[in-house]
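# Secondary and tertiary structure notes
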Amino acid sequence: MERTETRPNGSTHTISLLVENKPGVLHRIAGLFTRRGYNIASLTVGPTERDEYSRMTIVVRLSSKPVEQVVRQLQKLVPVVEVRELVPQDLVERELMLVKIRTPERNHAELRALAETYEAIIVDVSPDALVVEAAGPAGKLDALEERLAAFGIQEVCRSGRIALERGFKTLAPPNLK
Amino acid sequence: MAKERLTGAQAVVRALELEGVDWLFGMPGGTILPIYDALYASKKLKHVLIRHEQVGGHAAEGYAHATGKVGVCMGTSGPGSTNLVTPIADAYMDSVPLVAITANVSRALIGTDAFQEADITSITMPVTKHNYLVTDAADIPRVMKEAFYLARTGRPGPVHVDIPKDVLQAQMDWEGYPDAVHIPGYMPPLREEPRLADAAALIRSSLRPVLYLGGGIRTGDAFAEVFEFVELVGAPAVTTVHGKGTFPETHRQCLRMFGMHGSKFANYTIQNADLIVALGARFDDRVTGKLSTFAPEAKIVHLDVDPAEISKLVTATVPLVGDLKTLLPKLTAEVRRVFEARGRPDLSAWWKRVDEWREKNPLRIKQEGEVQILPQTAVRRIWEKAQGRNPIVTTGVGEHQMWAAQFWEVSKPREFITSGGLGTMGVCLPFAIGAQLGRPDATVIGIDGDGSFQMTLQDLATAVDHKLPIKIFILNNLFLGMVRQWQELFYEERFSETPLSDCPDLVKLADAYGCLGLRARTLEELDGVIDQALANDKGPTIVDIRVKRDEKVYPMVPAGAPLNDMIDGD
């Protein structure tokens, strides 16, 4: 796993997949990325409006291979119903982040003010530590994380990106039951 | 239809019968016993008891290649299933329609490291088109239907079905075999119309076109369609090793195989082309040489059933995604229309150059003045004597395979069966077994190497059991020859672990298995043993042909070199 903001070479792409909700699907997809040499920056999977299908959002970092190649290889997997790259100007993306900060109580007020600026909330407080929860596009979370570093970050947990296309378009093909 | 109570194993056997399977290849074991018990009662299925599951898998591939039908192999849990991994991977690389059925330990034992347990679906996942772990006997009809459908449609390939023993023993309601499959994500309709007019315009305006014919023509069963297209366009055609036989190699337009051990004239032609029309081919490194120097001036029209092959290695100017058998005739019609409207392109200057290359750089056999049998001579003599006998040739992997590819001219489809993508040594005998069972009227000839043959020779017993009149010619140089060739050319003749001892005695071995064993050490003996082998229709024949030990395969493009940069050993 790597931070999405660091792109020493290559570019990141957000790929959205609708997959059959069957055992082993995650294994198939992760395996494809390994054997074809594609780097996963983040991967999320969860239920959808239909029980039979799950939705995955994969952020992939590519140095030489075109993203179309990744999309076509994914489409070949039998349980993958639909797969598409979501282009940045046409998507709503969110990520959830929890940050545990170890800092004396006297700093808590300053931290709360900082969190507020980023629409983040404090979800756990103990005398010398607290947990900040923030949601938003990856860039915003990166910025918050950078600001929080000054207070002494103990742990960071990020969910990876989820995304939907803007407008009325959906990923599911029209023939899907 | 009235419901019927069957066990899971009976349902598997019923599905195999309804799929029209005739031969299947396998070996029983503890967990797959329920299937073998159900098989005992089947009047339609004919089972070939192999001596090692790998051979069963390859024999099923040979059967599939020779007949165009889906090959079926079976193995028990644990080693019975891991032994099938090589043929499954081979079928994956060469797009061979194969259904592999394995049993696994009962569901309650899965994950406990039980006796003969292997997580085989995880193991075969990256080398199958799809695989299944069946956890409910009621799913068996649907899974079997899907397995056969996936194996043979689109880009064919291996499908693996793993069924725990208790699922095979469980009772289920058989409610008939499904008529159709419903797999929502499989082969989605294309978003764009194929750009046939663009492709035809490129063909019309090209002055140096080449047609690049691959194994997809065989898997797509598009031989007649390709023949019509090639003759209409009138351009030179080159083939891959799996493209052999997709267009007659005896045809004037055919320049034979190109690539690492292709003919010089084929390689020069493709390197100088201004247009390559690739049909069912995937620009493998063994045919392109160094990718950045491959056909530098050529535009590419790439027709393939697998969208993921388009622009994977070489960017297509005009991609055409679709089934060759239906899409190519549309391209042919479009080209014909353009030719009629604007006249045919004048390819005479191009053909003059191509013919000059062909004239000056023929594939040669330098037997003259040589006392020992050259392997190329052996291939050519067997080929000559096999003409008119409806021959199918199978090969192993190594130098002998390339000599066969160079000197065994194929004029009809499904007559040259080899392992191209995975390059699996040992496939010659199993391919021959499967091909002979699938095509009993053909004369099945194996061209094998001594190293390759020894990887699967135990299944001579299978060939003897079934009295298969296959003829395996072993070009015996007592070396792992292709590796030795690389050591001589690129590793300063340091022959590390490539000399093979003169063991076993192949004639005695044949005798031990109860089949005919022959040997030729001299040119004088060669014709006689070939005649004897071809005349023996009672069972297998093994022919030990002692060839010049250090003969090499030329021409050769060193790995990673440009395609026109060939060593020819002169």
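Residues numbered from 1 in each chain as written. Chains lettered and ligands numbered in written order. Predicted model: local features only at pLDDT ≥ 70, side-chain atom pairs only at ≥ 80, totals over all residues.

## A short note on the overall build of chain B
Stated formally: Numbering of helices and strands runs from the N terminus, with a helix taken as a DSSP run of H or I at least four residues long and a strand as a DSSP run of E at least two residues long. Our radius of gyration is a C-alpha quantity, and the globule rule it is checked against amounts to 2.2 Å times the number of residues to the power 0.38. To sort residues by burial, count the other C-beta atoms lying within 10 Å of each one's C-beta; a count of 20 or more means buried, 12 or fewer means exposed, and anything in between means partly exposed. C-beta atoms are built from the backbone. By the convention adopted here, residues make contact when the C-beta atoms placed from their backbones lie within 7 Å.
In terms of regular secondary structure, chain B is built from 23 helices and 20 strands. Over its C-alpha trace chain B gives a radius of gyration of 24 Å, about what one expects of a compact globule, namely 25 Å for 570 residues. Once the C-alpha set of chain B is aligned to its principal axes, its extents read approximately 70 × 60 × 45 Å. Put simply, chain B has 570 residues, and 55% of those count as buried. Sequence-distant contacts, at least 24 apart, represent 77% of the contacts inside chain B between residues at least 6 apart.

## Side note on the sheet that holds strand S3 (residues 53–62) of chain A
All names here are of chain A. Going by this rule: Note on pairing: DSSP must find at least two bridges between two strands before they are called paired. Only C-alpha atoms enter the line fits that serve as axes; for helices the fit covers just the stretch in contact. Angles between N-to-C directions range over 0 to 180 degrees.
Taking strand neighbours across the sheet as the criterion, the four strands line up as S2-S3-S1-S4 in an open arrangement whose pairing is antiparallel. The open sheet has two free edges, formed respectively by strand S2 (39–47) and strand S4 (80–86), since each of these has just one partner strand. Ignoring which end each strand starts from, the neighbouring axes of this sheet average 20° apart. The pairing of S2 with S3 spans eight bridges and is classified as antiparallel.

## Brief notes about the sheet that holds strand S15 (residues 391–395) of chain B
Residues and elements named next belong to chain B. Spatial ordering of the open sheet is given by S16-S15-S17-S18-S20-S19, a layout of six strands whose pairing is parallel. Of all the strands in the sheet, just strand S16 (416–417) and strand S19 (516–520) have a single pairing partner and so form its edges. Looking at chain direction, S19 and strand S20 (residues 541–546) are connected through five bridges and run parallel. Counterpart to Ala520 in the pairing with S20 is Ile545. Of the strands in this sheet, strand S18 (471–476), S19 and S20 touch helix H23 (residues 523–535), which is tilted by about 165° from S19.

## Here we look at the domain arrangement of chain B
Residue and element names in this part refer to chain B. To keep it simple, the criterion reads: Reported domain spans reflect what an automatic or database domain assignment gives. For this classification, Asp, Glu, Lys and Arg are treated as charged, while Ala, Val, Leu, Ile, Met, Phe, Trp, Tyr, Cys and Pro are nonpolar and the rest, including Gly, are polar.
As assigned here, chain B comprises domain 1 (4–174), domain 2 (196–360) and domain 3 (375–546). A straight line from the C-alpha centre of domain 2 to that of domain 3 covers 31 Å. The partner domain 3 presents 13 residues to the 13 residues of domain 2 that form the contact. Of the residues assigned to the side of domain 2 that touches domain 3, the class counts are four nonpolar, six polar and three charged.

## Digging into the interface of chain B and chain A
Counting residues at the interface gives 13 residues for chain B and 16 residues for chain A. When the residues that make up the side of chain B that touches chain A are grouped by side-chain class, the tally is nine nonpolar, three polar and one charged.

## Quick look at the pairing of S4(A)
All names here are of chain A. Among the seven residues in S4, five count as buried, and that is most of the element. Pairing of strand S1 (residues 11–20) with S4, which is carried by six bridges, proceeds in the antiparallel orientation. Pairing of Ser16 across the sheet is with Arg84, part of S4.

## Quick notes on the environment of B:Met425
Residue and element names in this part refer to chain B. As for its placement among the helices and strands, Met425 is situated in the loop between S16 and helix H18 (428–438). Separated by 30 residues in sequence, Met425 and Met455 place their C-alpha atoms 6.9 Å apart. Once residues within four sequence positions are removed from consideration, Met425 is found in contact with Gly396, Val397, Gly398, Gly451, Ser452 and Met455.

## A few points about the packing of helix H11 (residues 223–233) of chain B against helix H14 (residues 324–342) of chain B
All names here are of chain B. We apply this condition: An angle below 35 degrees is treated as roughly parallel, one above 145 as roughly antiparallel, one from 65 to 115 as roughly perpendicular, and anything else as oblique. Helix crossings get a hand from a simple test, with the near helix turned counterclockwise from the far one by less than a right angle marking a left-handed crossing and a clockwise turn marking a right-handed one.
Running from N to C, H11 and H14 cross one another at 20°; their axes reach a closest spacing of 9 Å. Taken together, H11 and H14 sit at an angle that is classed as roughly parallel. Our pair here, H11 against H14, has a crossing hand that is left-handed. Where H11 approaches H14, its residues Glu225, Val226, Glu228, Phe229, Leu232 and Val233 are matched on the opposing element by Leu324, Lys325, Leu328, Pro329, Leu331, Thr332, Val335 and Arg336. For the contact of H11 with H14, a count of residues per class yields nine nonpolar, one polar and four charged.

## Things to note about helix H5 (residues 85–93) of chain B
Residue and element names in this part refer to chain B. For H5, every residue scored as buried is listed here: Val85, Thr86, Pro87, Ile88, Asp90 and Ala91. For H5, the secondary structure elements touched by its buried residues are helix H3 (53–67), strand S4 (71–75), helix H4 (79–82), strand S5 (98–104), helix H6 (120–124) and strand S7 (158–164). Downstream of H5 by a residue or two, Ser95 has a phi angle that is positive, lying close to 50°.

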